Amino acid sequence: MTAWFQSFLGMEFGWFVATLIFILLIALPLMLAVAMIIYADRKIWAAMALRRGPNVVGPIGLLQSFADGLKVFLKETIVPTSANRGLFLIAPIITFTVALIAWAVVPFGDGVVLANINVGLLYLLAVSSLGVYGIIIAGWASNSKYPFYSALRAAAQMVSYEVSIGFVLIPVVLWAGTFNLSGIVLGQQAHVFDILNGFGFNPLLFPLAVIFLISAMAETARAPFDLTEAESELVAGFQTEYSSMAFALFWLGEYGNVILMCGMNALLFWGGWLPPLDIPILYDFLFNATLTGLFWFFSKILFFFFVFSWVKATVPRYRYDQLMRLGWKIFLPISLIWVFLVSGYLMLQRVGI
């Protein structure tokens, strides 16, 4: 597509137009997906509690998220008089923007990626860690004690679980031999018994997949790790003083990060766009390999999102000391030990023992 635009628009402008179209093809469906995933989230919670959930606006309530978006758009944006106005308004923009730019390196299929860089995994780690800045700035700029407490909690929580996530990813990189996300996915093809696609099917890597899933919930501040928004302690946490579209941007950023973490679970441990079984018919049963890859990738994202919602609807919130103990005293030692186990196993394989 890029070459086609460059052929009649010139090298530089053609590349710019093609890249802009690729960005819109990712960003616009992603924002639509966030709206629908909020609806799905509420439906899952309702089903878990034997309630009906959204069912009035649109067919079976499908337009409820759009009605909520229109509602917050029409509300007044209120900035507290004692708040730092500039930082107060830029915080939700940072959160939302960071949630979008992370998708630049996510491969949706074989070759279907905006930026197929060699350090895609490092890029994702760097970008996902930037999300905490929006929360910290929001908590500090509000000039209110409850948002400030929430910001401090968010900083400690995200740093704690990013450490364990970093160590969890080292064995994945060692086994795949690359930081490129497409390379990591292709390295999982026929990984177990020459038929199962995915590092998660490997008994040596499965515990890391579980740790990564739980750490992803903590990294995105989802229940049972939503200590940044513990309404019984902090009113609404860092969002307490926000209204209108500023509040909505925090929501969009949160759900964008949740979908991203679900995608990272699929890419790093469960084969990404590959089918679960390395059987030829499963690669193009939709009569197109790219469409089939998209089907498998999004199916895995939806499965992990269901797990996120399931946990939120059923597991009570952790105390803050329990949250820190899980991250530092359980996940960190286990992930460190697994780095030695996996690296040792791979070294023994290399020398032929």
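You'll find the structure just up there.
For the structure given in this document, a descriptive report is provided here. From a predicted model like this one, the values you see are computed outputs, not experimental measurements.

Points about the packing of helix H5 (residues 120-141) against helix H6 (residues 145-176)
So, step 1. It is the contact of H5 with H6, at a shortest axis distance of 8 Å, that shows an interaxial angle of 170°. With respect to H6, the axis of H5 lies roughly antiparallel. Residue-level contacts link Leu 121, Leu 125, Ser 128, Ser 129, Val 132, Ile 135, Ile 136, Gly 139 and Trp 140 of H5 to Pro 147, Phe 148, Ala 151, Ala 154, Ala 155, Met 158, Glu 162, Ile 165, Leu 169 and Val 173 of H6.
So, step 2. Taken together, the residues of the contact of H5 with H6 break down into 15 nonpolar, three polar and one charged.

Looking at the pattern of salt bridges
So, step 1. Inspection of every chain in the model, using the stated rule, returns four salt bridges.
So, step 2. The salt bridge partner of Asp 68 is Arg 42, with a shortest N-O separation of 2.8 Å. Here Asp 68, found in helix H3 (residues 64-74), pairs with Arg 42, found in helix H2 (residues 11-48); they are 26 residues apart in sequence, far enough to count as distant.
So, step 3. With a shortest N-O distance of 3.0 Å, Arg 319 and Asp 321 are connected by a salt bridge.
So, step 4. For Asp 321, a relative accessible area of 40% puts it in the partly exposed group.

Let's talk about the packing of helix H8 (residues 206-219) against helix H12 (residues 320-350)
So, step 1. Packing of H8 against H12 leaves a shortest axis separation of 11 Å and a crossing angle of 150°. By the angle between their directions, the pair H8 and H12 is classed as roughly antiparallel. Judged by the twist between their axes, the crossing of H8 over H12 is left-handed. In this structure, H8 contributes Pro 207, Leu 208, Ile 211, Ile 214 and Ser 215 to the contact, and H12 contributes Leu 326, Phe 331, Ile 334 and Trp 338.
So, step 2. In terms of residue class, the contact of H8 with H12 is built from eight nonpolar, one polar and no charged.

Rules of the game
- Residues numbered from 1 in each chain as written.
- Predicted model: local features only at pLDDT ≥ 70, side-chain atom pairs only at ≥ 80, totals over all residues.
- Heavy atoms only, no water.
- Axes fitted to C-alpha atoms, helices over the stretch in contact; angles between N-to-C directions.
- Helix = DSSP H or I, 4+ residues; strand = E, 2+ residues; numbered from the N terminus.
- Parallel < 35°, antiparallel > 145°, perpendicular 65-115°, else oblique.
- Contact = heavy atoms within 4.5 Å.
- Nonpolar A, V, L, I, M, F, W, Y, C, P; charged D, E, K, R; others polar.
- Salt bridge = Lys/Arg side-chain N within 4 Å of Asp/Glu carboxyl O.
- Buried < 20%, exposed > 50% of the residue type's maximum accessible area, 1.4 Å probe, protein only.
- Left-handed = near helix turned anticlockwise from the far one by under 90°.

Geometric descriptors of this kind do not, in isolation, establish any biological role.
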